[in-house]
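Take a look at the letters that make up each chain.
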Amino acid sequence: MKETLLVIGNGMAGMHAVEELLRIAPDEYNIIVFGAEPYGNYNRIMLTPVLYGAKQIDEIMIHDFDWYKKNNITLYCGQDKMITAIDTQARTVTTADADKISYDRLLIATGSRSLILPIPGHAVEGVMGFRDIADVEKMIRKAETHHHAVVLGGGLLGLEAANGLSQRGMEVTVVNRSRHILNKQLDKTAGDMLQSELQQKNIAFRLGLSIKEINHHDGHVNAVTLDDNSRLAADILVMATGIVPNTKLAEQAGIECDRGILVDHAMLTSDPRIYAVGECVQHGRELFGLVAPVYQQAKVCAENLAEHGRARFKTSIHSTVLKVSGIDLFSMGELQSGQDSETLTHIDHHQRLYRKLVLKNNKLIGIIMYGNTRDIAWYQQLLLKQTDIADIRDQLIFGKPETLAA
Amino acid sequence: MEQRIIKTTCPYCGVGCGINATIDNRDAHQITIKGDEQHPANLGRLCSKGSALADTVSLQGRLLHPEINGQQTAWPEALDFVAEQFNDIIDKHGANAVAFYVSGQLLTEDYYVANKLMKGFIGSSNIDTNSRLCMSSAVMGYKRAFGADAVPGNYEDLELAELLVITGSNMAWCHPVLFQRVRKAKEQNPALKIVVIDPRVTDSCDVADLHLALKPGADVALFNGLLNFLSEQNRLDQHYIEQYCSGFAETVASAQSESTELNQIAQRCGLNENDLTLFYQWFAENDKTVTLYSQGVNQSTSGSDKCNAIINCHLATGRVGKPGASPFSLTGQPNAMGGREVGGMASTLAAHMDFNKPEDHQRIARFWKTENLASQPGLNAVDLFSAVDKGDIKAIWIMATNPVVSLPNADYFKQALERCPLVVVSDCIADTDTVQLANVKLPAVGWSEKNGTVTNSERRISRQRPLFPASGEAKPDWWIVCEIAKRMGFEQAFNFSSAADIFREHAALSAFENDLEHGLRDFNLTGLAELSDAEYDQLAPTQWPVLAEPTPTSSRLFADHRFFTPDRKARFIPVQWRPPANSTNNAYPLILNTGRIRDQWHTMTRTALSPRLNMHLPEPFIEIHPQDAESYAIIDESLAEVESAWGSFLGRVKITDKQQPGSLFIPMHWTAQLSSRGRVGALVNPVTDPYSGQPESKHTPVRIQTFQAAHYLFIISRKPMTLPDFDYQAVIKADQCFIYQLAIRAPQDNILQWGQQLLQSTDEQQRIEYNDPAKGVYRMATLDGNRLNNCILIADHWRLPDVNWLQTLFSQPEIEPQQRISLLSAKPPIGQGDVGRIVCSCYTVGETTIKNAIAKQKLTSVAEISQCLSAGSGCGSCIPELNEILNATCLSK
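Draft legend 1. Looking closely at the sheet that holds strand 2 (residues 18-25) of chain B. Residues and elements named next belong to chain B. Strand order in this open sheet of three strands is 1-2-3, and the pairing throughout is antiparallel. Each having just a single partner strand, strand 1 (5-9) and strand 3 (30-35) make up the two edges of the open sheet. Pairs of neighbouring strands in the sheet enclose a mean axial angle of 35 degrees, with direction left out of account. In this structure, strand 1 lies alongside strand 2, joined through five bridges in antiparallel fashion. Residue pairing across strands places Thr9 opposite Gly18, the latter belonging to strand 2.

Okay, structure coming up:
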């Protein structure tokens, strides 16, 4: 008799783990999946093209319902089948409609939700995150009838929302507390370049400012007031100020949590039958919002579920490969020079191409590439292997030496 | 359209190559240059410099209008002003208070009237020439031995010889076409032996069977030793010595008194005894011996004695004026010989006549119908400028030469000129180091506009013919001289209407009383004295003497063993080795040697207009032996300062074992127009040969030290830049751009801002920038769209990237997107080869291209390289370097 693997969360992290598991141990488990959204597993990264109309929802599906069928996976999705409790003693879960289902192994992949800052007025209609298909559908509907959008947060998600809404014909203003946008991935030079690129697409920016108050009328947002008391008309306010891991379920079941569900190197929680992956977990002190480490976790988790044993998840230095509004971006490691580090920069103002390399003791510790990401694999290796670059310093920023003649 | 070929003569070295020029666009001054296959000097060949003449005939940098004290003026005013000033000074201070300093770049006709004016009518002999700096020892050598300044042989002798001794001459670079003839002769006759005697390993050694790396200045000891050897080995031509020569006994005794021991001589010469003996044996055994010599012999305080030490050996073996046998002085300038013929030196009268012969003096006075003919030799170049410094000379007229660069102790003489009350300069170039000091600037026609004659090293007179009418208000030098002479009151004597008119008088003077009755003179143009204007225009290259009846011997002199001494015998001159005037000491422990490089001419006023000539050796440099470099902590490619007791120099270091330990080499060409401190003349000791007055430019005691700057940079700019002063600055014109190599001692606070200011870049959007502040590196390019305007590369270290690839981007109308990214790396993107340093100037082929071709296509000979890349198939002057690259590439495999 096969053991039952029960997966809570039908998102990218959980389903990637299942997919990996099927690949390496197809007959190991009887698999049951619960998802709160009424869809198969879709690619959350592709919500932006859906927002600006380049893709339809069926085009961003990773696993449609057929896939579950073909792989003998039992899928329960929708609000009714939302899991409301875990009983770690009985090894059962309870659904919203009060079903109880047993498991031998449990994988929690509940993901995260948008952080809605408790700004006065935040609870009114029109204030929203940018997280799932429902959010996107709401934004599209608003754009059909309204003009003014404000996005709070100049991070990746905020810029994508702004870009999407702008393409849907709204006048968008991005409000960002930092003086430059994408401040986790870029330095000011690159941020400013991206900003002017987006400004040319009619996206406005108010930087170094926060929203003090959300103004509303009839229970619906109609403007926001900034720190400097200026007001922006807003028919919609998208909060893109961060994500919060969904830990409530795990916490209530007595699984150890901090900011996220705590996991070890094997992606095991404090309960030896329960694994967790994705944006809901905390590994060491770190939370996760990007797809690459999450997929890495899924793989490690699958190998452990398959009892292949030794795979261990190790956080590596963050690297981000992005495409914002058609511009290739890459960033990794330390982005600002500190006291004992040095920087190399190369900038082609007219073509909006920029590179910055941060060095410490003749080793690469940080990379920003804006507009041209040729040779990123080479730079990544130099950084990860901590190669001494003293001899090639003069040529380093121009790319892999083999791409230049001797 | 059929284009008319104009036959003319190259304006560079003394080989005197014939050129076929065709005019492609008269208004744009565009021409095509080819070697004249019918000219006996070059038989169709041209060197890199000659081939690039088309690049030098534009109006860029030309002096086109007369100026007085910086104000443009009309010709009549300028001529009146000079004539009045000269007359005024002569009236107040005497004829010796004025002087002319002229040039081997002048045509014979220009030279003739200048000499006639100064010696014949002003009545002073203060006319000297830049030939003093290169040829006067050779003149003295010939005059002392043969009684006349006469080169006995001709170029065919190089092909007829069985032994060629090349001494004190890097003819591969300085007389490249003649060297090509030598190379071919060697190929056709492998038995031909070639000995190169030079302290340095030069490209001329490429054809040598034996290279004697002589100790600087030991030439007299070497040739005295040879005379002893010939005497002891009974290899003398006793009959010749007894019948046709005088003074042998004293001369051989003088040589013997020095030493007869080969090992002692070898030691004095810094040579291996076996090599020395081999050379002596070869000389003894080969009747057909030509000894070719040039500045390494002449530019010495014992230059005249060196010449005579060589000639003594030729006389002792009867090897003078015979087919394949002569002592052969190679002249540096296109018309050094013409200048000697007209008497354009302070020490001679016209037409090879002399001050020490009263009958000569009277003859010339009669011919010129003057009572004012100077009767004493004047001041030679170095003394003449010293007299300017002392204030004895108050007006000097400098024609077609750049003494602020070329004189020894040049900073001192520059100051002398700055103090001189009246400096008149006639030149074709607007801004030279010398023109800048002129009170009066007179625009002269340039090579492509000149009309007249020049005489080459083998006494061959060739026509320079105009390709274009005179530009702007430029005038022929002869016209300027004559107009001023007329205004000074000498209308009758200077009433010439054309160059042909002057040539006829010059020829007539050479013929005047030149007969047995009055005494024969070597220089005789009787046969040309009555040329019509048309015949003059059509004059084919002609060797002198040109007697009334052509004689079979005129292509060589002294075939009849009759010389121009009173007893018609050649004279042996007893000479003794002397050390150079200033020896090295603790303060100045190294010997400075100077000389030419392959692709530049004199002070670069013309050759530096040609991008392809600038790329072979683009900066003022110092060659130093690895051992010395180590002793003085000098690093290859860095900058170093060289100092003598007279001045200082700053240039790029080239470490090479071709240089002798203890000696440095610096090229003579760089000027203040092209470099901050690249004038080697500032270093050179102003000591001269007691007989010839020629300066010792090949031997000055110096010291060297490394030069540390705070910032090193280069700028490449499409347009010429106006830059602030840098401690080190060297600029060259490349294809579509100018390259500035710079260094500065004063640290700059913000190199970003500094770099942007230097390029005057205000629009950030036009910039591409690279910044490594921790290493003091900032690089920036500015572009107009995709068209590159300029770029700057700053570092805190002298090892900057190579300019080779970067500068080629300026010849593209637009750069490619890929190139934008790698632009500031100064290295080409993959698939776009860097050609490397230019080796072959004719076809612009770089070292990297050559090395790659050798490796990839497995090339094994220069012929194969030429076939594959064309390199070496033009003028051929890069063949020695191709051989070197070939050998190095094969060795490294």
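Draft legend 2. Here's a closer look at the sheet that holds strand 13 (residues 171-176) of chain A. Residues and elements named next belong to chain A. Taken together, the five strands give an open sheet; going across it, the order is 11-18-12-13-14, and neighbouring strands pair in parallel fashion. Among the strands making up the open sheet, the edge pair consists of strand 11 (127-128) and strand 14 (203-207). In the packing of helix 5 (residues 156-167) onto the sheet, contacts are made with strand 12 (148-152), strand 13, strand 14 and strand 18 (236-239), and the angle to strand 13 comes to roughly 165 degrees.

Draft legend 3. The interface of chain A and chain B, seen in detail. In this assembly, 16 residues from chain A lie in contact with 21 residues from chain B. Take the side of chain A that touches chain B: its biggest share by element is six residues, from strand 25 (residues 341-348) of chain A. Residue classes in the side of chain A that touches chain B are distributed as six nonpolar, eight polar and two charged. Here strand 25 of chain A runs beside strand 30 (residues 767-772) of chain B; their pairing, made up of four bridges, is antiparallel. In the sheet register, His346 of chain A faces strand 30 of chain B, and the bridge partner there is Tyr770 of chain B.

Draft legend 4. The packing of helix 11 (residues 262-269) of chain B against helix 12 (residues 273-285) of chain B, seen in detail. Residues and elements named next belong to chain B. For the pair helix 11 and helix 12, the least separation of the axes is 9 Å and the interaxial angle reads 105 degrees. Classified by the angle between their axes, helix 11 and helix 12 sit roughly perpendicular to one another. Between helix 11 and helix 12, the residues in contact are Leu262, Asn263, Ile265, Ala266 and Cys269 and Glu273, Leu276 and Thr277, respectively. Looking at the contact of helix 11 with helix 12 residue by residue, the classes come out as five nonpolar, two polar and one charged.

Draft legend 5. Examining the environment of Ile502 of chain B more closely. All names here are of chain B. Relative to the elements of secondary structure, Ile502 occurs in helix 21 (residues 499-511). Through-space distance from the C-alpha of Ile502 to that of Gly452 is 9.4 Å; in sequence the pair is 50 residues apart. Once residues within four sequence positions are removed from consideration, Ile502 is found in contact with Glu109, Tyr112, Val113, Trp478 and Phe496.

Draft legend 6. Molecular detail of the environment of Leu159 of chain A. Residues and elements named next belong to chain A. Following the sequence through the fold, Leu159 ends up in helix 5. In the structure, Leu159 is positioned 22 residues away from Ile181 in sequence and 8.5 Å away in space, judged by C-alpha atoms. Not counting the four nearest positions on each side in its chain, Leu159 is found in contact with Gly154, Val174, Ile181, Leu182, Leu198 and Val324.

Draft legend 7. Layout of the domain arrangement of chain B. Its domain assignment divides chain B into domain 1 (5-56), domain 2 (67-125 + 335-456 + 460-543), domain 3 (136-332), domain 4 (590-686), domain 5 (711-825) and domain 6 (838-892). Taking the mean C-alpha position of each, domain 2 of chain B and domain 6 of chain B sit 45 Å from one another.

Cut-off values and rules
- Residue positions are given per chain, counted from 1 along the sequence in the order it is written.
- Chain labels run from A onward and ligand labels from 1 onward, assigned in the order the entries are written.
- The model is predicted, so local features are restricted to residues of pLDDT at least 70 and side-chain atom pairs to those at 80 or more, both for listing and for counting; the totals for chains, interfaces and linings are taken over all residues.
- When DSSP finds two or more bridges between a pair of strands, those strands are recorded as paired.
- Under the DSSP-based scheme used, a helix requires at least four consecutive residues in state H or I and a strand at least two consecutive residues in state E, with every element numbered from the N terminus.
- Lines fitted to C-alpha atoms define the axes, with helix axes restricted to the stretch in contact, and inter-axis angles between N-to-C directions lie between 0 and 180 degrees.
- The contact criterion used here is simple: two residues whose C-beta atoms, placed from the backbone, lie within 7 Å are in contact.
- All amino acids are sorted into three groups, where Ala, Val, Leu, Ile, Met, Phe, Trp, Tyr, Cys and Pro are nonpolar, Asp, Glu, Lys and Arg are charged, and the leftover types, Gly among them, are polar.
- For classification, angles of less than 35 degrees are called roughly parallel, those exceeding 145 degrees roughly antiparallel, those between 65 and 115 degrees roughly perpendicular, and all remaining angles oblique.
- An automatic or database domain assignment supplies the residue ranges for each domain.

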